[in-house]
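The chain contents come next:
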Amino acid sequence: MDDVLLGPPLPDRPPTAAEARVHLAAFLRWTADLLAEIGNPDGRFGDLADLFVDGALQGFRPALDELNAEGHVARAVDAIGGVSDEALVAHGLRGRQLMWKLALLSAAFEAFSAATVMEADRGWKLERLLDIIETILDSLIDAILETTPYGAALKELVKLLKGAVARQI
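For clarity, every value in this text was computed on a predicted model and none was experimentally measured.

Thresholds applied
- Residues numbered from 1 in each chain as written.
- Predicted model: local features only at pLDDT ≥ 70, side-chain atom pairs only at ≥ 80, totals over all residues.
- Heavy atoms only, no water.
- Phe/Tyr/Trp six-rings, centres within 6.5 Å; stacked < 30°, edge-to-face > 60°.
- Helix = DSSP H or I, 4+ residues; strand = E, 2+ residues; numbered from the N terminus.
- Buried < 20%, exposed > 50% of the residue type's maximum accessible area, 1.4 Å probe, protein only.
- Expected span 1.5 Å × (residues − 1).
- Arc of directions from axis to C-beta.
- Contact = heavy atoms within 4.5 Å.
- Polar contact = N/O pair within 3.5 Å; in protein donor to acceptor, adjacent residues only side chain to side chain.
- Core = buried A, V, L, I, M, F, W, Y, C linked by side-chain atoms within 4.5 Å.

Novice: Mind showing me how you'd approach the packing of aromatic side chains here?
Specialist: The geometry of an aromatic ring pair is captured by the separation of the ring centres together with the interplanar angle, meaning the angle of the planes. All chains considered together, the criterion is met by three aromatic pairs. Ring centres of phenylalanine 45 and phenylalanine 109 lie 6.3 Å apart, and the angle between their planes is 80°; on these two criteria the pair is classed as edge-to-face. You can see phenylalanine 45 sitting in the loop between helix H1 (17–39) and helix H2 (56–69) and its partner phenylalanine 109 sitting in helix H5 (residues 95–114), a full 64 residues away along the chain. Residue phenylalanine 45 shares its accessibility class with phenylalanine 109, and that shared class is buried. Aromatic pair phenylalanine 45 and phenylalanine 112: ring centres 5.0 Å apart, planes at 50°, arrangement tilted. Separated by 67 residues along the polypeptide, phenylalanine 45 in the loop between H1 and H2 and phenylalanine 112 in helix H5 bring together distant segments of the chain. With relative accessibility at 5%, the residue phenylalanine 45 sits in the buried group.

Novice: What exactly am I supposed to notice about H1 here?
Specialist: The periodicity of an α-helix, 3.6 residues per turn, causes residues three or four positions apart to be oriented the same way. For H1, with 23 residues, the first-to-last C-alpha span of 33 Å sits near the 33 Å given by 1.5 Å per residue. Across the 23 residues that make up H1, a large majority, 17, are buried.

Novice: Explanation requested: H2 in the structure shown.
Specialist: Its 14 residues place the ends of H2 20 Å apart at the C-alpha level, agreeing with the 20 Å of an ideal helix rising 1.5 Å per residue. The complete set of buried residues in H2 reads Ala56, Leu57, Phe60, Leu64 and Leu67. Angularly, the buried residues of H2 cover 80° about the axis, an arc narrow enough to put them on a single face. More than 90 degrees from the buried face of H2, the exposed residues found are Gln58, Asp65 and Ala69. At its buried positions, H2 is contacted by H1, helix H3 (72–80) and helix H7 (152–163).

Novice: For this particular structure, what's the right way to read the environment of aspartate 47?
Specialist: By the secondary structure assignment, aspartate 47 is in the loop between H1 and H2. Classification of aspartate 47 as partly exposed rests on a relative accessible area of 44%. The spacing of aspartate 47 and valine 117 is 70 residues in sequence and 9.4 Å in space, taken between C-alpha atoms. Aspartate 47 has contacts with Pro41 and Arg61, leaving out every residue within four places of it along the chain. Within the structure, aspartate 47 has its side chain in polar contact with the backbone nitrogen of alanine 49 (distance 3.0 Å).

Novice: It is not clear to me how the environment of isoleucine 141 should be interpreted in this structure. Could you clarify?
Specialist: Locating isoleucine 141 in the fold gives a position in helix H6 (residues 122–144). Each C-alpha atom of the pair isoleucine 141 and glycine 151 lies 6.1 Å from the other, and the pair is 10 residues apart in sequence.

Novice: Would you mind showing me how to read the nonpolar core here?
Specialist: Among soluble globular proteins, nonpolar side chains are generally buried collectively. Of all hydrophobic cores here, the largest spans 52 residues; its most connected members are Leu35, Ile38, Phe52, Leu105 and Ile133. Within the residue set of this core, elements represented by two or more residues are H1, H2, H3, helix H4 (85–90), H5, H6 and H7. The residues contacting isoleucine 38, other than those within four sequence positions of it, are Phe45, Leu48, Phe52, Leu57, Leu126, Leu130 and Leu161.

Shown next as structure tokens:
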């Protein structure tokens, strides 16, 4: 889980289909680790409960634990190896498109990570980060659905968590 502190893995050049699969698997594992950190009141980001509607993180933690215990992320990571080159292209998951998506994710992660507890827009930065993760997951899950249904539950947890971020007034 220490890798989550470094941010999402970024390719140093437009990845080929084979390289994209490696980056996408790392993205999935990093996302799962990030969610665990968000749900951990003693984690890197501290207790984030105040950024969410009442009780949202209390329900999120056991839901994430269940998802991990059932092997959703591991099975989705395994399924990435079976995604066709054509599906990667169709969903913008290789080359410069993947580089750009991961660069946006990295920038959003850095902005959220650098935000202090007192910053009024910390919740917005978290929501933006989760929105980018959800967008990449949408493409990835659509691409791997031809081989496995796993991964969709992770995407839904991210979407629900994003929706539970309290609006700052």
